[in-house]
Amino acid sequence: MEYVALDFETTGLDPQWDRVIEVGAVAFTSGEVVDRLEGLADPGRSIPDPVVRLTGIGRQLVAGAPTSAELLQRLSGFVGERQPVAHGARLEIAFMDAAGIWPAGTRMLDTLDLSRVLLPDAPSHSLPQLALHLDLDQPRPHRAPDDADATRQLLLLLRRRAAELPNSLKEKMLALIAPYAWPVAGFLREALSAGATSPVAERSPLTSVAVMAPEDAPRDDLETLRGLLAPDGPLATTFPQYEQREGQLQMLLAVAQIIKRGGRLMVEAGTGTGKSLAYLIPAVARAVRHGERVVIATHTHTLQEQLVGKDIPSLSSWLPWSFRACLLKGRANYLSLRRWHRYLAEPCADEEELCFKLQILVWLETTESGDRSELRLHGREEVYWARIASDPLDCLGIHCTSEDCFVHRAREAAEDADVVVINHALLLADAVAEGGLLPAFDHLIVDEAHHLEDAATQGLRTEVDAAGVLALLGRLSEGEGESEQGLLLDLGRQGRLDRSNEPLEEARQILPRTRALLADLFADSSDWLRAQLTRETERREEGVRLTPRLREQPGWPDLAARAADACTSLAGLETMLRRSINLSQQFVGGEEPDQNLRELEILRGRLAEAEALLREAFAAPEENRVYWFSLFSRTNALILRSAPVEVGGLLHDLVFAPRHSVVLTSASLAVAGSFAFFRDRLGVGGEVETLVVPSSFDYLRQALVCLPIDAPEPRQEEFSPFVASITGEIAATLRGRTMALFTSHQQLREVYEALKQRADLDDVLILGQGIDGPRRQVLKTFQGTPRALLLGTSSFWEGVDLPGDQLSCVIVARLPFPVPSEPIYAARAERVPDAFAQLALPSAALRLKQGFGRLIRRGTDRGAVVILDGRILSKDYGRTFLDALPRASRFIGPSGEMIDRVRQWLPTPD
């Protein structure tokens, strides 16, 4: 087959407005290059500075070149009947389609998809990174001719990789692609049929760390532990660049003492303390010497994997003890081989789904863990993963062995481990289930502990999605496709359910009425909800809380009566389904449950959960739960949600009380030196020891906090223009290197639109979260762009590590108070005498502290934090915010002088 590899350089990503400025194309076969086409094009408009910097293509270079349309027309003739290939082909397809030269029925072969299938362990699948990783010849990245030729080289390498796969895997892949004529199937059919095979790749577990060292009985007295971090100790001997930090040593000794004698300890460890090492060393010493397992719970998978992939292996390289560490995640993170085999047998809807299945086939040859984090899933792949992830309702239980179950393997590894690393969600799920998900453990260390209350609230939240419930009932009665029967009728006709099964017949009779009653209930609830919404609430889509006062409003009694009827019918249906399943299991027989019956059991369980929440919300609300409706204006989607109001009691009784020792640590736990806020919210109890370990950074020298005295009030119309003006001035002065944090998506969009009009920001790439992509995408773009300004909302206030010149200024538009009408916050506020002082203020102060923490990440960093909310100076409570921040240099004055002060503090880069 003859291929043609393509690459374009363009003025932007929108084919309706942007134009192609360079084309590279190389025609080739598996054995030789046949022809080449390359050329520049005059787009007839200016070329943005970021594009010029990235590609080196400016106006002078394209002067006199053919137009973009003319160059693309030449390319069309060059492609002809050849199979087009590109890396990340959507850009090329979009521009060729917009130019009207994309042949009808032609499909592009995408080396990005193929590389994700055949090179699952590559550190990155971007073309420049793959070229470096695979030693491809690409002298000028981001120039079309060189990128096109790198794509050619990559395709040929992927062809060789496919040919070298084990025969058993080749057979599976060939069987999978057999029914399809898509380019990826055609390419693999040829590649898999060529060449010899290589031995099966070795599996290397990523979820556990087995540590071997010369000494098996560590001493865990304080002097021994102190000596490990001494200037002449084993850490310093192994890593000559190591410097002892007093704060790290203080924390290590405090953790060691609390683990030894038992109790509760809260530690705020500032950025740069090295808190992971400070709690890992005493945890490992105690676990190994006394056989007392330690569980470390984090909020994010990122920190989990840092601990297991970096910190623990580093510790093992010098710590003179043997120990076993294991990373354990929730069930949904692991692939279910049974669900996978069922999904694999289903037809693929499109080429994207085929590529996903191929990717899983290749990955299963080498993975030891079955953990989805090894795959780096994107877009619709998240939906596909849900089809194959382990599900408690689709588990064989005692019939499933560890040999063919990744969940069982992970749990067995945890049973053998001294230290088990998990996340908050799994910790809470185990507590609610009263054990069984985690091995027994004596000591608990909670990192990122400021998230624990929210994680508990989220973990105990339940919801009913109106469309989802109706879809479940539709699956029972109508099937998933036009030609499919409903599950009940289908199972009955196949003889899967006993034909004498009277409950089945009753379920069939109840089903239409149940569905009609629920559809009417959801429609009436939407109408009632719209009548309660204010314009501001509707815009925020935050929901309407079902308060006692609201339950007295006109229309509620009728709505509650309809809910009672619907719940009664739904409960009757669920009962008949349960009885039908029990009878049918006896009829079907066999050790492994019938898959159709298993699906019916899953649907029944979800309907039972929906009925319970509907009945609670409308008729019997629990005292410690809040209930609210959300109605999304764009889709008209109606969702009923419920969450606990207070989680401290549950955390105390089920998480903390059973443990000999508990350590709670974070960079943000204290407000003005006091731990009272989190101590009370988390239910730790009064007898808790506390420690504040200051950061090792010199904030007076490294950080400048700027507070303008002429900022408008946040509620004034002039505030957003003021934020846009200051943000633009600073970003222009610093040539990017700036991140602005917002509490409102609407204000972010207003500022974004204003900044786009500024001519002095033409050489700065402006990135808006939710405008230019989701969080991960805009953050990655910001990291890879020398001159960029990022506008972000809540998810950027923490968990972002941008050291050095990547980030020099953080702008805080508004103090991050919680939204007063947010249902969970509002319910909690009603339970305290002074909601502002006891909830809103400490929460916002800690949030500001986290935002400040984005700035200084290394001892050599230098930066400025600009807070544009004037209330920090004009209100009495402003002192709480200022006291929460590290002791840094400070400027208070007019905004004009503030810009000069930032300029002096942060010299403009060349």
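Engineer: What is the right way to look at the overall build of the protein in this model?
Structural biologist: Along the backbone of the protein there are 37 helices and 24 strands. At 30 Å, the protein has a C-alpha radius of gyration in line with the 29 Å of a compact globule built from 910 residues. The C-alpha extent of the protein, read off along each of the three principal axes, is 85 × 80 × 70 Å. Here the protein holds 910 residues, and the buried ones make up 55% of them. Summarising the internal contacts of the protein: among those between residues at least 6 apart in sequence, 75% fall at separations of at least 24. For the protein, the exposed surface amounts to about 39700 Å²; the carbon and sulfur share of it is 49%. One finds the centroid of the 99 positive side-chain charges in the protein at a distance of 2 Å from the centroid of its 127 negative side-chain charges.

Engineer: In this structure, what is going on with the sheet that holds strand E5 (residues 109–110)? I would like to understand it.
Structural biologist: Each strand in a sheet pairs with another by means of backbone hydrogen bonds, the pair being arranged parallel or else antiparallel. Within the open sheet, the five strands sit side by side as E3-E2-E1-E4-E5. Their pairing is mixed. A strand with exactly one partner marks an edge of an open sheet, and here the two such strands are strand E3 (33–40) and E5. Here strand E1 (residues 3–10) runs beside strand E2 (residues 20–28); their pairing, made up of eight bridges, is antiparallel. Counted as the bridge partner of Ala5 is Val26 from E2.

Engineer: Sorry, what's going on with the pattern of salt bridges here?
Structural biologist: Two side chains of opposite charge can pair, provided their charged atoms sit close to one another. Within the structure shown, the criterion is met by 44 salt bridges. Residue Glu689 pairs with Arg261 through a salt bridge whose shortest N-O separation is 2.6 Å. Here Glu689, found in strand E17 (residues 689–693), pairs with Arg261, found in helix H12 (residues 246–261); they are 428 residues apart in sequence, far enough to count as distant. With a shortest N-O distance of 2.9 Å, Lys329 and Asp371 are connected by a salt bridge. Residue Lys329 is located in the loop between strand E9 (323–327) and helix H15 (337–344), and its partner Asp371 is located in the loop between helix H16 (351–364) and helix H17 (381–388); the two are separated by 42 residues in the primary sequence. Given the relative accessible area of 2%, Asp371 is considered buried.

Engineer: Any chance you could explain the sheet that holds strand E14 (residues 625–632) here in plain terms?
Structural biologist: Strand order in the open sheet formed by four strands is E12-E15-E14-E13, and the pairing between neighbours is antiparallel. Both outer strands of the open sheet, strand E12 (462–465) and strand E13 (544–545), are each paired with one neighbouring strand and no more. For E13 and E14, the ladder comprises two bridges, and the chain directions are antiparallel. Counterpart to Val544 in the pairing with E14 is Phe629. Its contacts with the sheet place helix H21 (residues 466–477) against E12 and strand E15 (637–644), and it is angled at close to 65 degrees to E12.

Engineer: I tried to follow the layout of surface pockets on my own but got confused; where do I start?
Structural biologist: In this approach the atoms are scanned with a rolling probe the size of a water molecule, which exposes any empty space left behind. Of the volumes computed, that of the second largest pocket is approximately 1700 Å³. Pro392, Ala429, Gly459, Arg461 and Glu609 are the residues nearest the centre of the second largest pocket, which is lined by 45 residues in total. For the lining of the second largest pocket, the secondary-structure elements that each account for two or more residues are H17, helix H19 (424–432), helix H20 (452–459), E12, H21 and helix H26 (595–619). Its residues placed into classes, the lining of the second largest pocket shows 23 nonpolar, ten polar and twelve charged.

Engineer: Sorry, what's going on with the packing of aromatic side chains here?
Structural biologist: Given two aromatic rings, their pairing is described by the distance between the two centres and the angle made by the two planes. The tally for this structure, following the rule as stated, stands at 18 aromatic pairs. With 5.2 Å between their ring centres and 55 degrees between their planes, Trp528 and Trp556 make a pair best called tilted. Residue Trp528 is located in helix H23 (residues 502–532), and its partner Trp556 is located in helix H25 (residues 556–588); the two are separated by 28 residues in the primary sequence. With a relative accessible area of 5%, Trp556 lands in the buried category. Positioned above the aromatic ring of Trp905 is the side chain of Arg862, whose terminal nitrogen or guanidinium carbon lies 3.8 Å from the ring centre.

Engineer: Would you take a moment to explain H16 for this structure?
Structural biologist: An α-helical turn contains 3.6 residues, so a residue and the one three or four places further along point in the same direction. Across its 14 residues, H16 extends 20 Å between first and last C-alpha, which sits within 8% of the 20 Å expected from 1.5 Å per residue. In terms of burial, H16 is largely enclosed, as 13 of its 14 residues are buried.

Engineer: Looking at this structure, how should I read the packing of helix H6 (residues 127–134) against helix H7 (residues 144–163)?
Structural biologist: The geometry of a pair of packed helices is captured by two quantities: the angle between their axes and the separation between those axes. Closest axis-to-axis distance for the H6/H7 pair is 11 Å, and the angle between their directions is 55 degrees. Here H6 lies oblique to H7, going by the angle between them. Considering how the two elements wind past one another, H6 and H7 form a crossing that is left-handed. Residues Leu127, Leu130 and Leu134 of H6 touch H7, and the partners they reach there are Asp147, Ala150, Thr151, Leu154, Leu157 and Arg161. A per-class count over the contact of H6 with H7 returns six nonpolar, one polar and two charged.

Engineer: Looking at this structure, I do not really get the side chain of His443. What am I missing?
Structural biologist: If you trace the backbone, His443 turns up in strand E11 (residues 443–446). What makes His443 buried here is its relative accessible area of 1%. Within the structure, His443 has its side chain in polar contact with the side chain of Ser661 (distance 2.7 Å). Every residue in contact with His443, bar those within four places of it in the chain, is listed here: Ile259, Arg286, Glu292, Arg293, Val294, Val295, His660 and Ser661.

Engineer: Would you take a moment to explain a nonpolar patch on the surface for this structure?
Structural biologist: On the surface, Ile709, Leu873 and Ile892 cluster together to form a nonpolar patch covering roughly 270 Å² of accessible area. If you trace the backbone, Ile709 turns up in the loop between strand E18 (703–708) and helix H30 (719–734). Overall, the relative accessible area of 54% leaves Ile709 in the exposed class.

Engineer: Teacher, can you tell me more about empty space enclosed by the protein here?
Structural biologist: Taken as a whole and judged by the stated rule, the model has three cavities of 30 Å³ or more. Taken together, Asp220, Leu225, Ala256, Ile259, Lys260, Pro282, Ala285 and Arg286 make up the full set of residues lining the second largest cavity. Residue assignment for the lining of the second largest cavity shows that the elements contributing at least two residues are H12 and helix H13 (275–290). Across the lining of the second largest cavity, the residue classes break down as five nonpolar, no polar and three charged.

Engineer: Where do I start with unusual backbone geometry in this structure?
Structural biologist: Most peptide bonds take the trans form, and the phi angle of most residues other than glycine is negative. Of note, Glu434 is a non-glycine position whose phi angle comes to about 60 degrees, a positive value. Looking at the secondary structure, you find Glu434 in the loop between H19 and E11. For Glu434, a relative accessible area of 70% corresponds to the exposed category.

Engineer: Got a minute to help me understand the confidence of the model for the protein in this structure?
Structural biologist: Do not read the predicted coordinates in detail wherever pLDDT is low. Across the protein, the average pLDDT comes to 87, with 90% of residues at or above 70. Within the protein, the lowest mean pLDDT, 43, falls on helix H24 (residues 535–540), and the highest, 97, falls on E11. Confidence drops under a pLDDT of 50 for residues 211–215, and excluding neighbours within four residues, the segment shows twelve contacts in the predicted structure. In this model, residues 479–485 is a region of pLDDT below 50 whose contacts with residues beyond four sequence positions or in other chains number twelve contacts.

Engineer: Before we go on, may I ask you to explain the environment of Pro231 in this structure?
Structural biologist: Mapped onto the secondary structure, Pro231 falls in the loop between helix H10 (222–228) and helix H11 (234–238). Taking the C-alpha atoms as reference points, Pro231 and Gly272, separated by 41 residues in sequence, lie 18 Å from one another. Setting aside residues up to four positions removed in sequence, Pro231 forms contacts with Ala236 and Gln244.

Engineer: Help me out: how do you make sense of helix H31 (residues 745–756) in this one?
Structural biologist: Between its first and last C-alpha atoms H31 spans 16 Å; for twelve residues at 1.5 Å apiece the expected length is 16 Å, and the two agree. What H31 keeps buried is the set Gln747, Leu748, Val751, Tyr752 and Leu755. Along the axis of H31, the buried positions cluster into a sector of 140 degrees, meaning they face one direction only. In this structure, the buried side of H31 is in contact with H30, strand E20 (765–768) and strand E21 (788–792). One side-chain oxygen of the residue at the start of H31 lies 3.2 Å from the amide nitrogen of Gln746, identifying that residue as Ser744.

Engineer: Looking at this structure, I do not really get the state of the cysteines. What am I missing?
Structural biologist: Each disulfide is one covalent bond, formed between the sulfur atoms of two cysteines. Going through the model one piece at a time under the given rule, you end up with zero disulfides. Summary of cysteine pairing: Cys348 is not part of a disulfide, and the nearest cysteine sulfur, belonging to Cys355, is at 9.1 Å. Taking the relative accessible area as the measure of exposure, Cys348 reaches 8% and is therefore buried.

Engineer: Help me out: how do you make sense of the pairing of E14 in this one?
Structural biologist: Within a regular strand, side chains alternate between the sheet's two faces. In terms of residue burial, E14 counts as a mostly covered element, since seven of its eight residues are buried. Sheet topology note: the E14/E15 ladder contains eight bridges and is antiparallel. The residue of E15 that forms the bridge with Phe629 is Leu640.

Calculation notes
- Residues numbered from 1 in each chain as written.
- Predicted model: local features only at pLDDT ≥ 70, side-chain atom pairs only at ≥ 80, totals over all residues.
- Heavy atoms only, no water.
- Helix = DSSP H or I, 4+ residues; strand = E, 2+ residues; numbered from the N terminus.
- Rg over C-alpha atoms; globule rule 2.2 N^0.38 Å.
- Buried < 20%, exposed > 50% of the residue type's maximum accessible area, 1.4 Å probe, protein only.
- Contact = heavy atoms within 4.5 Å.
- Areas by Shrake-Rupley, 256 points an atom, 1.4 Å probe, with all protein chains shown as cover.
- Lys, Arg positive; Asp, Glu negative; His and termini not counted.
- Charge placed at Lys NZ, Arg CZ, Asp CG, Glu CD.
- Pairing = 2+ DSSP bridges.
- Salt bridge = Lys/Arg side-chain N within 4 Å of Asp/Glu carboxyl O.
- Axes fitted to C-alpha atoms, helices over the stretch in contact; angles between N-to-C directions.
- 1 Å grid on protein atoms, 1.4 Å probe; cavity = no way out; pocket = protein on both sides within 12 Å on 5 of 7 lines; lining within 4 Å.
- Points joined across faces, edges and corners; volume = space filled by probe spheres on them.
- Nonpolar A, V, L, I, M, F, W, Y, C, P; charged D, E, K, R; others polar.
- Phe/Tyr/Trp six-rings, centres within 6.5 Å; stacked < 30°, edge-to-face > 60°.
- Lys NZ or Arg CZ within 6 Å of the ring centre and 35° of its normal.
- Expected span 1.5 Å × (residues − 1).
- Parallel < 35°, antiparallel > 145°, perpendicular 65-115°, else oblique.
- Left-handed = near helix turned anticlockwise from the far one by under 90°.
- Polar contact = N/O pair within 3.5 Å; in protein donor to acceptor, adjacent residues only side chain to side chain.
- Patch = residues over 30% accessible without salt bridge, like charges linked within 9 Å, V, L, I, M, F, W, Y side chains within 5 Å.
- pLDDT = per-residue confidence, 0-100.
- Arc of directions from axis to C-beta.
- Disulfide = S-S within 2.5 Å.

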